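A closer look at the structure
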Amino acid sequence: MDIPVFILAGLLVHFVFLVSIFDIYFSSPLVHGMTPQQTPLPPPAKRLVLFVADGLRADSLYELDGNNTSHAPYLRAILENNGSWGISHTRVPTESRPGHVALIAGFYEDVSAVAKGWKENPVEFDSVFNESKYTWSWGSPDILPMFAKGATGDHVYTFCYTAESEDFGAQDASKLDTWVFDHVKSFFNSSRSNQTLFSALNEEKVVLFMHLLGIDTNGHAHRPNSREYKENIRKVDEGVKEIASMLESFYGNDGKTAFILTSDHGMTDWGSHGAGHPSETLTPLIVWGAGVNYPQQVTSQFFEDNVLKEWKLENLKRLDVNQADIAPLMASLIGVPFPLNSVGTLPLEYLNNSAHFKAESMFTNAVQVLEQFKVKMNQKKATTLSFLFTPFKPLSDPEQINFLKKTRLYIQQQKYDEAVSLCKTLINLALEGLSYYHTYDRLFLGLSIAMGFVGWTTYVILVIVKTHTNLTKTVQSSDKESAALLYGFTFVGMMITFFLLIQTSPWTYYIYCLLPVPVWYAVMRELHVIQNLTANLWSLPISQSLGFILISILGIEILVFSFFYRATLTVGLLVFAGWPVITQLWVQAKTTTLIWTVLCALLAVFPLMPVVGREPNIPLVIAAGLLTLLISGFSLASSCKSENKYRNNEDMKVHFYQMLSIALSTYVVSNTHNSLKNKQGLPVFNQIISWTTLVSSSVLPLLSPTFLFQRLFSILLSLMATYLLLSTGYEALFPLVLSGLMFVWIHMEQEALQHYGLSLKPKLAVFNFAYATDITQFRQLHLDDIRRSFFFVFFIVTAFFGTGNIASVNSFDPASVYCFLTVFSPFMMGGLLVLKVVIPFVLVSCAFEAVQVTTQLSSKSLFLIVLVISDIMALHFFFLVKDYGSWLEIGTSISHYVLVMSLTMFMMLMNGLAQLLTTKRLDLSRRTKHHAT
């Protein structure tokens, strides 16, 4: 295969692998076409008022302060005297959007919503608002439009403040909640003079929704234990009291208003949410008014969280629910159909109604969930061959009829408890069945992609063996064999296409299932290579072959583990430290081995350091700057001492300028930090120096000599000046230690070449990058080159994860960019943080470029080995992708897979950049330079 065709095929195959996870794991679970289900009996309430206090933790609302008084006295009085209370258990991800969807639509939003933004529906879904006669809502522009847009007809009205009002840095975010309460009051006042609005407000099945964002905003800005957060809770409590009082008088105390106060998610002590910590998943639920149970006294009750005593609520019955259960509760209270996609179970203990009403409501709930199951089952049945279709046995058609008949009979016989129990069983089975059919094709598609992965990796290995080693003899395969192979694979492809066609599968299924066919055809065409390779392997001692395979597997597993546990890199680096001892290299190069071992051990410390929430440590950054200056001073002194004939005045000037950049960067970091500490802002002079350093760092290396160590050292100095400006703590030392190890690695690889008798030792001091391509006679691959490639991939991963976890945005400290800018600018800040990650990457790539040219290897052969290693890692991550758990876990699993898939493309880019940085030279003096020949 030609190189351009090979690269194109590789990119195409990787693109399919990359896109496949979104189809296999992250398709929407929602189905459409169900019949709405409604309780046939009259509801207890005419209208419902829903307060959602965004970001309110359960403990913050229920706990008492030091004087035994509540932060929310009105709501405390309600739960003690008028209504029912409990904890609503939210699901991860604990974010505003999925929280509100669970509350109002009754289902847990799928991960497919991640990529669709906040303000629009990724999929159409039904909600309590949509089923109501009228809904009026007040609050955030991030939440309200989502439910108005999804509603059919024109009966969901929204009143939002501007998006700019949501300012984390605002003096007092509780004004967002005051805005809502004020607008609700003025709305009702204006209705007295607007007959159309007045009559609409007096209709049945009306919902009033107030989204209160102040608590969440204050929690982010000041933390949940702050005075501002608690004061905001007090203001919300007062607002709820005023609204409840106003509504009672507006409706003439008709006793037909039901009230619910809850939250979409909680918040951690450090002011974040999204994951599954109890402080994020436990939210308050207080329900009172029409159709709601009064407080129930109990002598004892047990909950695992043991907080009742602390809250002094141990004698009032606590009724816990899942967040999606609130949607059926609201529907039942005002008598609207349950939202079509709801997966919630009606919490009967909150209802103050007849046993007959409760049983009928529960039956409606069960039929509504069963409707979704039937639609999902019929969809899957229609696209699967009858002899291949495996139904969900616990809910076969006869079982469904049996359940429904039995329940209806129990209700007619007034055996309401038995009917309710049967309905709960039916709901649980229907939910299990929904999940079963949603993931029905996952194994089949996963295996197809895995087949493609394995085939592609096998093919790349065969290309390496065939073109870059002496292991195989060239054999011409007969035309008959080639034709038979082609016809065989064409037949398989046609069979797969026919099979998918009669099942009316989506078009993407064709790509995933047909991709392995041409890939494995290419593998089978190289059958003679496989035979030769197998024969060669059998000729080796079994212990040697098995040892090599085991070490390879262990190495790749360490790389995979390092994505999850950074400490794995430490283990790997300590093994590297012992590598010269194991291979007897230390015998011929004792000093180099000693330095290698020390630097490996030093670099091994970094992955053990903390990532998130670390405090700035500016003295360490200054120490790194001074250390760099000291090293560059030594380098300059030694080159002057040896009267280095390869240097001239121009080179000296570049070196001095780089040293000046390092000194200035060190000063700017120190000065900027002090200035910000004293609240004096970012000095303009410092900002100018920072940006100038950033721009010059990409040009300066190109002005230095192209001799191996001089050029690499110049690259280090230039990038180090920028890295210092982006550092806030220990990570400033990371590029220094990494570069030191890279310099020694180049020497060690020379020793390894000699050790295996592959080459004479070139003089590294006079090795010139500019002439490397002319003088190098490329050699064939040796087994040791696999180790070389593995080292490179390992160092690349270390460069990524050495000081932080690139897969998680919260690993990065925005304080890193304060030398460049302090005004919030997400793209500029993001770009600078990416640059910070890329700098160690560039250092490793340049060192690998040096290793390639000094060990007389073509970059293509080593790149192919790197491709194999990263593809095997990608296959691991394909099976580790999650579609459940916190958004952090889901996001991390996706980004790991995407990272490894992009690694090959990124390394191609880095390879090009490294070649540019090491071989090109800008000649500003326009004079002819004299190089040693």
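Remember, predicted model here, so these are calculated numbers, not experimental data.

Our next topic: the overall build of the chain. Tallying secondary structure elements over the chain gives 34 helices and 8 strands in all. In the chain, 79% of the contacts between residues at least 6 apart in sequence involve partners at least 24 apart. Carbon and sulfur atoms make up 63% of the accessible area of the chain, which amounts to about 41300 Å² in all.

Across all of its chains, the model carries 53 aromatic pairs by this definition. Between Trp-596 and Phe-791 the ring centres are 6.1 Å apart and the planes differ by 10°, which places this aromatic pair in the stacked class. Residue Trp-596 is found in helix 24 (residues 590–603), and its partner Phe-791 is found in helix 31 (residues 784–801); the two are separated by 195 residues along the sequence. The exposure classification of Trp-596 matches that of Phe-791, with both residues buried. Grouping aromatic residues by their ring pairs yields a cluster made of Tyr-134, Trp-136, Trp-138, Tyr-157, Phe-159, Phe-187, Phe-188, Phe-198, Phe-250 and Tyr-251. When the ring centre of Tyr-108 is taken as origin, the NZ or CZ atom of Arg-91, which lies over that ring, is 3.9 Å away.

A word on the nonpolar core. Within the largest apolar cluster, 140 residues are counted, with the highest numbers of intra-cluster contacts made by Trp-596, Trp-745, Phe-795 and Tyr-897. Among the elements that make up this core, the one with the highest residue count is helix 32 (residues 826–854) (15 residues). Residues in contact with Trp-596, not counting those within four places in the same chain, are Phe-576, Ala-577, Trp-579, Pro-580, Leu-741, Val-744, Trp-745, Met-748, Phe-791 and Phe-795. Membership of the second largest hydrophobic core comes to 67 residues, among which are Leu-48, Phe-129, Ile-260 and Ala-430.

With that settled, the discussion passes to the packing of helix 28 (residues 708–725) against helix 29 (residues 734–755). Remark: helix 28 packs on helix 29, axes separated minimally by 10 Å, with the N-to-C direction vectors making an angle of 165°. The angle between the axes of helix 28 and helix 29 places the two elements in the roughly antiparallel class. In this structure, helix 28 crosses over helix 29, and the sense of that crossing is right-handed. Where helix 28 approaches helix 29, its residues Leu-708, Phe-709, Leu-712, Phe-713, Leu-716, Met-720 and Tyr-723 are matched on the opposing element by Phe-734, Pro-735, Leu-736, Ser-739, Phe-743, Ile-746 and His-747. The residue makeup of the contact of helix 28 with helix 29, split by class, is 12 nonpolar, 2 polar and no charged.

Here the focus is the environment of Lys-380. Within the secondary structure, Lys-380 sits in helix 14 (residues 355–382). Not counting chain neighbours up to four residues away, the residues in contact with Lys-380 comprise Phe-389, Tyr-437, Tyr-440 and Asp-441.

Most of strand 5 (residues 206–212) sits out of view: 7 of its 7 residues are buried. Every second residue of strand 5 is oriented toward a common face, with Val-206, Leu-208, Met-210 and Leu-212 on one face and Val-207, Phe-209 and His-211 on the other, all of them buried. Across 7 bridges, the pairing between strand 1 (residues 47–53) and strand 5 is parallel. Note on strand 5: the bridge partner recorded for Ala-53 is Leu-212. In this structure, strand 3 (residues 134–139) lies alongside strand 5, joined through 5 bridges in parallel fashion. Within the sheet, the bridge partner assigned to Trp-136 lies in strand 5 and is Leu-208.

Within the secondary structure, Ser-632 is located in helix 25 (residues 618–641). According to the relative accessible area criterion, Ser-632 is buried, its value standing at 0%. Not counting chain neighbours up to four residues away, the residues in contact with Ser-632 comprise His-655, Met-659, Phe-713 and Leu-717.

Let us look at helix 31. Its 18 residues give helix 31 an end-to-end C-alpha distance of 26 Å, which sits within 8% of 26 Å, the value for a rise of 1.5 Å per residue. For helix 31, a buried count of 17 out of 18 residues is recorded, marking the element as mostly surrounded by other parts of the structure.

Next up on the list: helix 29. Here helix 29 contains 22 residues, and its C-alpha end-to-end distance of 31 Å stays within 8% of the 32 Å for a straight helix at 1.5 Å per residue. Within helix 29, 19 of the 22 residues are buried, leaving the element largely enclosed by the surrounding structure.

This paragraph deals with the sheet that holds strand 6 (residues 257–262). The mixed open sheet is built from 8 strands, whose spatial order is 4-3-5-1-6-7-2-8. Unpaired on one side and paired on the other, strand 4 (156–160) and strand 8 (321–322) mark the two borders of the sheet. Judged from the 5 bridges that link them, strand 3 and strand 4 form a sheet pairing that is parallel. Of the residues in strand 4, the one forming a bridge with Ser-137 is Thr-158. Each of strand 2 (84–89), strand 6 and strand 7 (282–289) touches helix 3 (residues 73–81); the most contacted strand, strand 7, lies at about 65° to it. Those strands touched by helix 10 (residues 227–250) are strand 1, strand 5, strand 6 and strand 7, and its axis lies near 170° from that of strand 6.

Below, the discussion takes up the pattern of salt bridges. A complete count under the given rule lists 17 salt bridges for this structure. The residue Asp-305 makes a salt bridge to Arg-318 at a minimum N-O spacing of 2.7 Å. Highlighted residues: Asp-305 in the loop between strand 7 and helix 12 (308–311) and Arg-318 in the loop between helix 12 and strand 8, separated in sequence by 13 residues. Judged by its relative accessible area of 29%, Asp-305 falls in the partly exposed class. A residue is classified by how much of its surface remains accessible, and Arg-318, at 4% relative accessible area, is buried.

With that out of the way, let us pick up the pairing of strand 6. Judged by how many residues are buried, strand 6 sits mostly within the fold: 6 of 6 residues are covered. What you see with strand 6 is no split at all: Thr-257, Phe-259 and Leu-261 on one side and Ala-258, Ile-260 and Thr-262 on the other are buried throughout. Examined bridge by bridge, strand 1 and strand 6 share 6 bridges and lie parallel to one another. Residue Phe-51 lies in a different strand from strand 6, and its bridge partner there is Leu-261. Note: strand 6 against strand 7, 5 bridges, orientation antiparallel. Bridge pairing in strand 7 places Phe-259 opposite Trp-288.

In the contact formed by helix 20 (residues 516–525) and helix 21 (residues 527–539), the axes pass within 4 Å of each other and the chain directions differ by 55°. Between helix 20 and helix 21, the crossing angle belongs to the class labelled oblique. Counted together, Val-523, Met-524 and Arg-525 of helix 20 and Leu-527, His-528 and Ile-530 of helix 21 form the full contact between these two elements.

The next point concerns the confidence of the model for the chain. Regions with low pLDDT should not have their predicted coordinates read in detail. Per-residue pLDDT for the chain has a mean of 84; in total, 87% of the residues score no lower than 70. Segment residues 807–811: pLDDT under 50, and 9 contacts once partners within four positions in sequence are set aside and those in other chains are kept.

This next bit is on the side chain of Ser-137. Mapped onto the elements, Ser-137 comes out in strand 3. Residues within four places of Ser-137 in sequence aside, it is in contact with Leu-144, Tyr-157, Thr-158, Phe-159 and Phe-209.

Here we come to the environment of Leu-431. By the secondary structure assignment, Leu-431 is in helix 16 (residues 416–438). Each C-alpha atom of the pair Leu-431 and Val-343 lies 7.2 Å from the other, and the pair is 88 residues apart in sequence. Other than its neighbours up to four places away in sequence, Leu-431 contacts Val-343 and Val-369.

Where nonpolar side chains cluster on the molecular surface, the patch consists of Phe-548, Ile-549, Ile-553, Leu-783 and Ile-786 and spans about 420 Å² of accessible area. At 3 residues, helix 22 (residues 542–564) tops the list of elements feeding residues into the nonpolar patch.

As a further point, take the environment of Gln-296. You can see Gln-296 is positioned in the loop between strand 7 and helix 12. Each C-alpha atom of the pair Gln-296 and Leu-316 lies 5.8 Å from the other, and the pair is 20 residues apart in sequence. With residues up to four places along the chain from it excluded, the contact list for Gln-296 reads Asn-315, Leu-316, Lys-317, Leu-319 and Glu-349.

Take unusual backbone geometry next. For Asn-306, which is not glycine, the phi torsion reads 50° and is therefore positive. Here Asn-306 shows up in the loop between strand 7 and helix 12. The class for Asn-306 is exposed, based on a relative accessible area of 58%. The backbone of Lys-312 shows a phi angle near 55°, a positive value even though the residue is not glycine. Considering the arrangement of structural elements, one finds Lys-312 in the loop between helix 12 and strand 8.

Analysis parameters
- Residues numbered from 1 in each chain as written.
- Predicted model: local features only at pLDDT ≥ 70, side-chain atom pairs only at ≥ 80, totals over all residues.
- Heavy atoms only, no water.
- Helix = DSSP H or I, 4+ residues; strand = E, 2+ residues; numbered from the N terminus.
- Contact = heavy atoms within 4.5 Å.
- Areas by Shrake-Rupley, 256 points an atom, 1.4 Å probe, with all protein chains shown as cover.
- Phe/Tyr/Trp six-rings, centres within 6.5 Å; stacked < 30°, edge-to-face > 60°.
- Buried < 20%, exposed > 50% of the residue type's maximum accessible area, 1.4 Å probe, protein only.
- Lys NZ or Arg CZ within 6 Å of the ring centre and 35° of its normal.
- Core = buried A, V, L, I, M, F, W, Y, C linked by side-chain atoms within 4.5 Å.
- Axes fitted to C-alpha atoms, helices over the stretch in contact; angles between N-to-C directions.
- Parallel < 35°, antiparallel > 145°, perpendicular 65-115°, else oblique.
- Left-handed = near helix turned anticlockwise from the far one by under 90°.
- Nonpolar A, V, L, I, M, F, W, Y, C, P; charged D, E, K, R; others polar.
- Pairing = 2+ DSSP bridges.
- Expected span 1.5 Å × (residues − 1).
- Salt bridge = Lys/Arg side-chain N within 4 Å of Asp/Glu carboxyl O.
- pLDDT = per-residue confidence, 0-100.
- Patch = residues over 30% accessible without salt bridge, like charges linked within 9 Å, V, L, I, M, F, W, Y side chains within 5 Å.

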